[in-house]
Amino acid sequence: MTVTPVSPHAGAKAAAPRRIRKAVFPVAGLGTRFLPATKAMPKEMLTVVDRPVIQHVVDEARAAGIEHFVFVTGRNKSVIEDHFDSQFELEHTLEARGKVKELKALLDDLPGPGQTSFTRQQAPLGLGHAVWCAREIVGDEPFALLLPDMLHHGTTPCLADMIAAYEAHGGNHIAVAPVPEDQTHHYGIVGVEDATAKVSKITSMVEKPPKGTAPSNLHITGRYILEPAIFALIANQERGTGGEIQLTDAMLTLAKTRPFYATRFDGTIYDCGSKTGFLAANVAYAMDRPDIAPILRQDIEAIFKR
Ligand code: UTP
């Protein structure tokens, strides 16, 4: 796909941005890069230290003030629904054994009654299609979209920064972060008005640009705030790369009439859909934990001395 310029006149600033209450988590993918681990276990339930990857991403959304969590699931994913439900027997047993701290931690992680919805993507037809499957639950309001593979490790939750940018500018928002110039062909890349600004208007978007053609080195990191008009555009979308319905194609169409902004994420991003990203995330998150870090450091140093 070539670089598609987004009209500088695209969409006048919206009246008053509506509050972002809902977040969509597409978790229906097959996770083929993690087979055989993902044959019976969803990749979103693989653990980074002692929390499933999906829990880390839900934590980020909760920290940003999200009130309703919409999961687009598929076959073999029902354990995700169980994870976000209360487990009476377990809770009762922890209470009976006086494990107050563990019980409190479990209950603190639980979204409130009625705050979760689960819908099915019956076939893994791509990210765009997964997002479209959430249309009835999201309804006619702007929403956040978080790809659970991508862990954003930093001091401020990425989505909180994006919601602040949305409240200031309205429109649509994409989180971005720099990658080495010679790696841009592996990523979705955006061009922006000001590459050094925390928030900048997006001027172009391109999926995996051929070497030397990228409009910048800012890649799309898997966090979005989208206006509900995206759903109708996805519905009319032709199948793109790999026969899948791509989200980027629908975003490019939306960008012709509505503004898109990039919010730079200043922390480190771990792609937990890849083995090395997943392993690195485990080390990074473990190093944040005073109960684990000192021993793990010794163990890792011993491995590197071998
Ligand atoms: P990925 O392409 O990284 O996930 O999609 P995948 O297809 O499960 O992974 P591999 O390449 O086979 O190992 C990013 C996110 O979008 C979801 C995935 O579950 C993942 O969280 N997704 C992807 C869907 O929900 N439906 C799809 O059709 C495709």
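You'll find the structure just up there.
This is a predicted model, so every value here is computed, not measured.

Caption draft 1: View of the packing of aromatic side chains. A complete count under the given rule lists six aromatic pairs for this structure. Arranged with centres 5.1 Å apart and planes meeting at 10°, the rings of F143 and F231 form a pair that is stacked. Of this pair, F143 sits in strand β7 (residues 143-146) while F231 is found in helix α8 (residues 229-235), placing the two residues 88 residues apart along the sequence. Of the two residues, F143 and F231, neither departs from the other in class, the shared state being buried. One aromatic cluster is present, built from ring pairs that chain together F25, F69, F71, F84 and F118.

Caption draft 2: How the structure looks around the pattern of salt bridges. A full pass over the atoms with the stated rule returns 14 salt bridges. E60 is paired through a salt bridge with R223; the nearest N and O atoms lie 3.0 Å apart. In this pair, E60 sits in helix α1 (residues 53-63) while R223 sits in strand β12 (residues 218-226), placing the two residues 163 residues apart along the sequence. With respect to class, E60 is no different from R223; both count as buried. Taking the shortest distance from any N to any O, the salt bridge between K104 and D108 comes out at 2.6 Å. Taken together, the residues span about one helical turn, with K104 and D108 both in helix α4 (residues 100-109) at a distance of four residues. We classify D108 as partly exposed; its relative accessible area is 43%. Here the salt bridges share partners, and the residues they tie into one network are R21, K22 and E141.

Caption draft 3: Broad picture of α1. With eight of 11 residues buried, α1 is to be regarded as a mostly interior element. Among all positions in α1, only V53, I54, Q55, H56, V57, V58, E60 and A61 are buried. Phi turns positive one or two residues past the end of α1, at G65, with a value near 95°.

Caption draft 4: Representation of the site of the ligand within the structure. Surveying the vicinity of the ligand reveals 18 residues, the closest of which are G29, G31, T32, Q121 and G126. Contact between the ligand and T32: an oxygen atom at 2.6 Å from a side-chain N or O atom of the residue. Compared with its free state, where it exposes 570 Å², the ligand has 83% of that area covered by protein. Tallied by class, residues from the shell around the ligand come to nine nonpolar, five polar and four charged.

Caption draft 5: Summary view of the pairing of strand β11 (residues 199-207). Across five bridges, strand β10 (residues 188-192) lies against β11 in antiparallel orientation. Directly across from V190, in β11, lies its bridge partner M205. The hairpin turn running from β10 into β11, its antiparallel successor, is six residues long. With three bridges joining them, β11 and strand β13 (residues 260-264) adopt antiparallel strand pairing. Opposite S200, over in β13, you have A262 as the bridge partner.

Caption draft 6: Broad picture of the environment of E44. Following the sequence through the fold, E44 ends up in the loop between β2 (22-26) and β3 (47-48). For E44 and S204, which are 160 residues apart along the polypeptide, the C-alpha to C-alpha distance reads 31 Å. The residues touching E44, leaving out its near neighbours within four places in the chain, are P26, V27, P52, V53, I54, K77, I80 and P148.

Caption draft 7: Fine view of the environment of A63. Of note, A63 is situated in helix α1. As for A63 and T156, which are separated by 93 residues in sequence, their C-alpha atoms are 9.2 Å apart.

Caption draft 8: Region of interest: the side chain of H152. For H152, the position within the fold is in strand β8 (residues 150-153). A polar atom in the side chain of H152 sits 3.3 Å from the backbone oxygen of M150. Within the local environment of H152, its side chain forms a polar contact with the side chain of T221, the two groups lying 2.8 Å apart. Leave out the neighbours within four places in its chain, and H152 touches E60, C158, T221, R223, F265, T268, I269 and Y285.

Caption draft 9: Summary view of the packing of helix α3 (residues 88-96) against α4. It is at 8 Å that the axes of α3 and α4 come closest, and there the two elements cross at 150°. Classified by the interaxial angle, the pair formed by α3 and α4 is roughly antiparallel. Residues L90, E91, L94 and E95 of α3 form the contact with α4, whose own contacting residues are E102, L103, L106 and L107. Considering only residue class, the contact of α3 with α4 consists of five nonpolar, no polar and three charged.

Caption draft 10: Representation of the nonpolar core in the model. Core analysis: the biggest nonpolar cluster contains 72 residues, and F25, L159 and I230 have the highest contact counts within it. Apart from the residues lying within four places of it in its own chain, the contact partners of L159 are E60, A61, A64, I66, A144, L146 and I225.

Cut-offs and rules
- Residues numbered from 1 in each chain as written.
- Predicted model: local features only at pLDDT ≥ 70, side-chain atom pairs only at ≥ 80, totals over all residues.
- Heavy atoms only, no water.
- Phe/Tyr/Trp six-rings, centres within 6.5 Å; stacked < 30°, edge-to-face > 60°.
- Helix = DSSP H or I, 4+ residues; strand = E, 2+ residues; numbered from the N terminus.
- Buried < 20%, exposed > 50% of the residue type's maximum accessible area, 1.4 Å probe, protein only.
- Salt bridge = Lys/Arg side-chain N within 4 Å of Asp/Glu carboxyl O.
- Near = heavy atom within 4 Å.
- Polar contact = N/O pair within 3.5 Å; in protein donor to acceptor, adjacent residues only side chain to side chain.
- Areas by Shrake-Rupley, 256 points an atom, 1.4 Å probe, with all protein chains shown as cover.
- Nonpolar A, V, L, I, M, F, W, Y, C, P; charged D, E, K, R; others polar.
- Pairing = 2+ DSSP bridges.
- Contact = heavy atoms within 4.5 Å.
- Axes fitted to C-alpha atoms, helices over the stretch in contact; angles between N-to-C directions.
- Parallel < 35°, antiparallel > 145°, perpendicular 65-115°, else oblique.
- Core = buried A, V, L, I, M, F, W, Y, C linked by side-chain atoms within 4.5 Å.

Without other data, these values stay purely geometric and don't point to any function.
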